[in-house]
Structure formats: structure tokens, C-alpha cells
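# Report on the structure
Here is what each chain is made of, one letter per residue.
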Amino acid sequence: MLTGRRRPWRPQITRAECYRGWVFFALYVFLFPWLMGWVQRSYQGEFPVAEANVVYYLIIASLTFLVFWSFLRTGFRLLLDWLPENLFAFVTGLVGAEVLSFLVDLIPLPVQNPNLISYPEQYYFAPTATVFILVVLMPLVEEPLFRGLLFGSVRNYSRPLGYVLSVVLYSFYCAVQFVYAFGTLDLRYLLLMIQYAPMALALAWCYDRGGSIWSAVVLHMAINGFTLLGALH
């Protein structure tokens, strides 16, 4: 039976994991994408993009498990111990994300989300790699960082502030990559933060309400899967 009961919140990331996590967070946001771009430019297009992205995210996912091993192990135990609560958080988070995304999509924006074009193209040339990256690897990397580390660290001091920072920074992270995507600076793409806010809010809710980072990981996988299906159709 689904339940709305909230599990008592307590810190789950150790102090050592927190220190390592923030360093890894900075590398993931600022350094690793630049290195990936440098490798692709060095091979002058000879390095297959799909295979390169899979290797890139496999390396990042492996580093995520090394950095957050204790946190992820604890989260899996909490998922089993509080399965009804995490199932409730997953279902309500998924429904909430879809409903809010539908409403947000009704807002006219001066730019279109480039993923609506790039996802079908990537899937056409490399379907297995595209699904593996979007539905498996990206959630495994981003949830420990943005929900486990960012939201969890701030949540220990202020729950509302945890939600605000988690939603704003994750939405900004998702949208800012398009600002320079077409060779010129176009700040209008930051308005796409509005489209990513429902997903960010649902993921923070899922982790906060369920108590296990793994429920947020699975929710992220489901949302990305539906997003890919929507882009393909």
C-alpha cells in the first residue's frame, strides 16, 4: 500500500564523502565537459560521438560510485527498509513532474529546447548508446550530485532552501549548456530553466519524501525515458 508517511530526515553522506563530493561536483560541471570537447576536437571528428559519450559517462559513473560508495550503499538499504515510502515518493513525483511539465509547456518561449531535435538524431544514429546514456548513466551520475550532495547538504540546515537551490541550480545546469550551443551567445536559452524546474522539483521531492537516493535515481530514469519517447514521437 502506498503511504504518505515521511521518514525522519537525517544526514546520509559522510563528512569525507561530502569533501570528495564537492571536488567531484566542480570537476563534473567545469572540467570534464571541457576535456571531453578537447578530446573530440583533437580527433577532428574521427572519434565516434556515440561511443565517446558512452565511454565518457561510464568513466563518470564509475567515479561517482567511488566517491559516494558508502552513501549509495546506505541509500539502497534505506530503499529496502522503507520501500512503501519510496514507492509513494516515486509515484507522486512522476505524476507531479508530468503534470507540471505539461502546464509549463503551455508557456510560450522565444526559443525551442534543442533536445527535441538532438535526441531523435542521436537515437537514429546510435539507439542503444542514446538510451543507455539518457536512461541509465546520466541519472546514476546526476542524482548523487544534485540531490544527494547539493540538496542533502543544504537540507540538513534548511529544507525550503534545499528545494530552492536544488531546483534553481539543476535547472540552470540543464539550460546553460544551450547558451553557447550554436556558436553565439544567446541568453534566451536560459528561459528553458522553466521547463526543467518540474523535473528538478519532483526529484528533490522524491529523495526528501522517500529517504533513499535510489528512488530519485529510478524516477530520473523514468522521466528521461518518457522525455526520449516524447521527442521521438
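My aim in this report is to walk through the structure given alongside it, one point at a time. Not measured: the values here are computed from a predicted model. (Residues numbered from 1 in each chain as written. Predicted model: local features only at pLDDT ≥ 70, side-chain atom pairs only at ≥ 80, totals over all residues. Heavy atoms only, no water.)

### Describing a nonpolar patch on the surface
For clarity, the cut-off: Patch definition: residues above 30% relative accessible area lacking any salt bridge, with like charges linked at up to 9 Å and the nonpolar side chains Val, Leu, Ile, Met, Phe, Trp and Tyr linked at up to 5 Å. Here, Shrake-Rupley sampling with a 1.4 Å probe gives the accessible areas, and only protein chains in the shown set may cover a residue. One side-chain nitrogen of Lys or Arg within 4 Å of one carboxyl oxygen of Asp or Glu is enough to make a salt bridge. Each helix is a run of DSSP H or I of at least 4 residues and each strand a run of E of at least 2, with the numbering of both proceeding from the N terminus.
A cluster of nonpolar residues, L87, V91, V95, V99, L100, F102, L103, L106 and L201, forms a patch on the protein surface that exposes about 780 Å² of accessible area. Per-element accounting of the nonpolar patch gives the leading share, 7 residues, to helix 4 (residues 83-104). Structurally, L106 can be placed in the loop between helix 4 and helix 5 (115-125).

### Points about the nonpolar core
As a reminder, the rule being used: Buried residues of nine kinds, namely Ala, Val, Leu, Ile, Met, Phe, Trp, Tyr and Cys, make up a nonpolar core once their side-chain atoms join them within 4.5 Å. Think of it in three bands: residues with accessible area under 20% of the maximum for their type are buried, residues over 50% are exposed, and the middle band is partly exposed, with areas taken using a 1.4 Å probe on protein chains only. Residues count as neighbours in contact if any of their non-hydrogen atoms are within 4.5 Å of one another.
Grouped together as the largest cluster of nonpolar side chains are 64 residues, with contacts concentrated most on F68, L145 and L219. Mapped by element, the contributors of at least two residues to this core are helix 1 (15-42), helix 2 (49-67), helix 3 (69-81), helix 4, helix 6 (127-155), helix 7 (159-176), helix 8 (193-210) and helix 9 (213-232). In terms of residue count, the dominant contributor to this core is helix 6 (13 residues). Not counting chain neighbours up to four residues away, the residues in contact with L219 comprise F90, G93, L94, A202, L203 and C206.

### A short note on the side chain of S212
To keep things clear, this is the line we draw: Polar contacts, as used here, are pairs of N or O atoms within 3.5 Å; protein pairs need one atom able to donate a hydrogen and one able to accept it. Residues neighboring in sequence count only if both atoms are side-chain atoms.
Its location among the elements puts S212 in the loop between helix 8 and helix 9. Its relative accessible area of 0% is what places S212 among the buried residues. Among the polar contacts made by the side chain of S212, one reaches the main-chain carbonyl oxygen of G75 at a distance of 2.5 Å.

### A look at the state of the cysteines
Spelled out, the test is: What counts as a disulfide here is a pair of cysteine sulfur atoms lying within 2.5 Å.
By the definition in use, this model includes 0 disulfides. C174 takes part in no disulfide bond, and the closest cysteine sulfur, belonging to C206, lies 17 Å away. Residue classification places C174 among the buried residues on the basis of a relative accessible area of 7%.

### Digging into the packing of aromatic side chains
The line we're drawing: Two rings from Phe, Tyr or Trp (for Trp, the six-membered ring) form a pair when their centres are within 6.5 Å of each other. A pair whose planes differ by under 30 degrees is stacked, one over 60 is edge-to-face, and the rest are tilted.
Summed over the entire model, instances satisfying the criterion amount to 14 aromatic pairs. Where W22 meets F25, the ring centres are 5.6 Å apart and the plane angle is 45°; that geometry is what we call tilted. Separated by 3 residues within a single helix, W22 and F25 lie in helix 1, roughly one turn from each other. Given a relative accessible area of 35%, W22 falls into the partly exposed group. When the centroid spacing of 6.1 Å and the interplanar angle of 70° are considered together, the rings of F151 and Y207 count as edge-to-face.

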